[in-house]
Every structure is written in structure tokens, then in C-alpha cells.
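Working through the structure, step by step
One-letter residues, chain by chain:
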Amino acid sequence: MKIFVNKDIKHFFLAIMVVLVNFLVLTEVLIWVLYEKFSFWVLLLSLLTTFAILMVCFLYFLRQNKMLEDAVSQINSYLAGNVNARIECDDEGELYRLFHSINSLAAVLNAHAANEAREKEFLKNTISDISHQLKTPLAALNIYNGLLQDEAEELPNIKEFATLSEQELDRIETLVQSLLKITKLDAGSIVIEKSMESVADMMQDVELHFAYRARQEQKEILLSGSEDISLLCDRDWLIEAIDNIVKNALDHTANGDTVRIEWKALSNAVQISIKDNGYGIHPEDLHHIFKRFYRSRFSKDKQGIGLGLPLAKAIIEAHSGSIEVDSELGRGTTFTMNFLIPTKL
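What you see is a predicted model, and the numbers here were worked out from it, not measured in a lab.

1. Some words on the sheet that holds strand β5 (residues 269-276)
- Taking strand neighbours across the sheet as the criterion, the five strands line up as β2-β4-β5-β7-β6 in an open arrangement whose pairing is mixed. Two strands lie at the open edges of the sheet, namely β2 (220-224) and β6 (321-328), each paired on one side alone. Each adjacent strand pair in this sheet contributes to an overall mean axis angle of 15 degrees, direction not counted.
- Across the sheet, helix α5 (residues 199-216) is in contact with β2, β4 (258-265) and β5; its angle to β2 comes to roughly 170 degrees.

2. With respect to the packing of aromatic side chains
- Using the criterion set out here, one finds two aromatic pairs in the structure.
- With 6.3 Å between their ring centres and 85 degrees between their planes, Tyr96 and Phe99 make a pair best called edge-to-face. One end of the pair, Tyr96, and the other, Phe99, are both in helix α3 (residues 94-151), three residues apart, so they sit about a helical turn from each other.
- Judged by its relative accessible area of 14%, Tyr96 falls in the buried class.
- Residue classification places Phe99 among the buried positions, given a relative accessible area of 3%.
- When the ring of Phe290 is compared with that of Phe335, the centres are 6.3 Å apart and the planes differ by 80 degrees; the resulting orientation is edge-to-face. Placement of the pair is Phe290 in the loop between β5 and α7 (308-318) and Phe335 in strand β7 (residues 332-340), with a sequence separation of 45 residues.

Rules behind the numbers
- Residues numbered from 1 in each chain as written.
- Predicted model: local features only at pLDDT ≥ 70, side-chain atom pairs only at ≥ 80, totals over all residues.
- Heavy atoms only, no water.
- Pairing = 2+ DSSP bridges.
- Helix = DSSP H or I, 4+ residues; strand = E, 2+ residues; numbered from the N terminus.
- Axes fitted to C-alpha atoms, helices over the stretch in contact; angles between N-to-C directions.
- Contact = heavy atoms within 4.5 Å.
- Phe/Tyr/Trp six-rings, centres within 6.5 Å; stacked < 30°, edge-to-face > 60°.
- Buried < 20%, exposed > 50% of the residue type's maximum accessible area, 1.4 Å probe, protein only.

Here is the structure:
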């Protein structure tokens, strides 16, 4: 029986049995000493009393076990997502006090979750409003800057300042877009629409995106992996995450360096790795590179805004994936992403 799975209850019943049997034996011994005979009726009454005591104890523990099973069922229901699951605790006693405390804890957790959801929604709406408000002046500034560059063909100093201005406007626009995306991911307002995609096709898109820059900087992007590997993912979002990591690799490599994008199927996951033979990451920075707006004092990249890698990590985790980084100064960096295959869980 279930209640006897508990060793304490089993020992409790054994102790009662020992006490009652000893009482029965001692009673019969005493009757024998006093009257020199055994008493059948005393024996029968003792057995009935023993049975009644054991039955009362058994029913009590059976009821307690039923209460605990119901409580565990409600707790599991809450953990499964039913925020309204509660344990009945309308009676008196220590066990009911425990159940009441658990219900109170669930209510507090619900309140915190609701507050967090409201804060995320507020943050998402605020960032979204700010981003949309910035788009109009940014577009206007880009137009004015383009006109200024056209008019400054014969004025090299003004043209140089206009070019620098364009770069800064591009940085602001990138920052606004990245903030908007990462905030929406935090708030859970972006739906990741997954479908089976060819990893080779996606990596070719990534390589094509950076092909011009790589040629300009005399760098090489190499692809390596099977054409037959597929991944359940949102193609556009995952490409954006890998774009950010490849961009980071190009930002931290010198002319003539190589960025390798490799992918393979493991027993229960698809693994994508991006390796470069660039400057490497200082050990002091390894545990901070996924923090937003983190800027290393050792970095040679003065233009980054510190959102590319955090955004990539958020997208990868939204795909139930993981990302790790391994780096050695002067030898390069490797980012490794693992995406579990659902059918093989």
C-alpha cells in the first residue's frame, strides 16, 4: 500500500504492533500467575482492541496520504501553468497551515509575474514609441545629409564631415532597431514562427550578406557543413543572430584573417560554430560579452554599441538553443551554438 512506502509510517505501525503484542502476552502471563489459567475472552478482547487501534491508525494515515497526494497534484498543476491551482485548506492543524502558506506563496508569485509582465509591456511600449518617434527625424537627417554630400563635391572638408555624420546616423539607426528588437524579445511580443530550414542555405545567405565587406577588408568567409542538415527555426530571426556573431568576428579580425562558419548534426542537436583567427577576447571580458552595452577596455572596436551579441543570445535562447564562447588572445574566438532536435528529446 502507498502509505507503507513511507518508512516512518511503517516503523510506527511496527512499534504499535510490538507494544500491543507485548501487552497481550504480559496480560496473559499475569492472568496465569494470578489464576493459573489462560483467559480466552481477554485474548479475544485484546486482539479486537489491537485490530481496532491499527485500523484507526491506518485510516488516519490513509486520509493524510490522500490530502498530501491532492496537494502534490495541485502543486504540479501550478508548475504546469495553471496559475489558479490551489490546495484546499479550510480546516485547522499544522498540515493545513502549511497548505495555506503554499497558497500564499502561489498568490505572491502570481502577483510578481503580473507585475513583471506589466513592466515588460510598459518597457516594450516605451521603447517602441521612442524608436518610432526617432525614425522620422533620422530619415529626415539622412536625406539632408545626402543633399549636403551632393552639394559639397568641391568642398572636401564639408564632404568629410558629411560622411562622418552619415556614419553616426547609421549607428543611431542601428541602435534604435536593436533596442526595439531586443525589448520585444524580452517582452515576449515577438512570435518565433518555426519551420524546417536548410542550415546550408541559411549560412550561404549569411556569407552573401558579408561578401562585399570581406572583399573590401581582404578577409575570407569559409563555409563547412553538410547540405542535408535541417533545423526547426525561424529563418529570418536565426539569420539575424548569426549575422551579429559574424559581424562581431569581422570587427575583431585583421586584413587577411579568416572567419569559418561550420555546422554539423550531433546525436540530439544541430551545432553551428563561428570561428575566427583574429585578436581574441581578453579573459576578463569572457563572462561579460553577452551583457547589454558592455564595452571592453581592451577592445579595438570603437564603433560597436554592445547590443549585437546580447541580441544574438536572446534570439538563440528564444529557439531553445544555447551559445558558448571560447577564446584565446592573439589566436581567435569560437562561438558555438547548439539547438536541440525536438524529435530526439
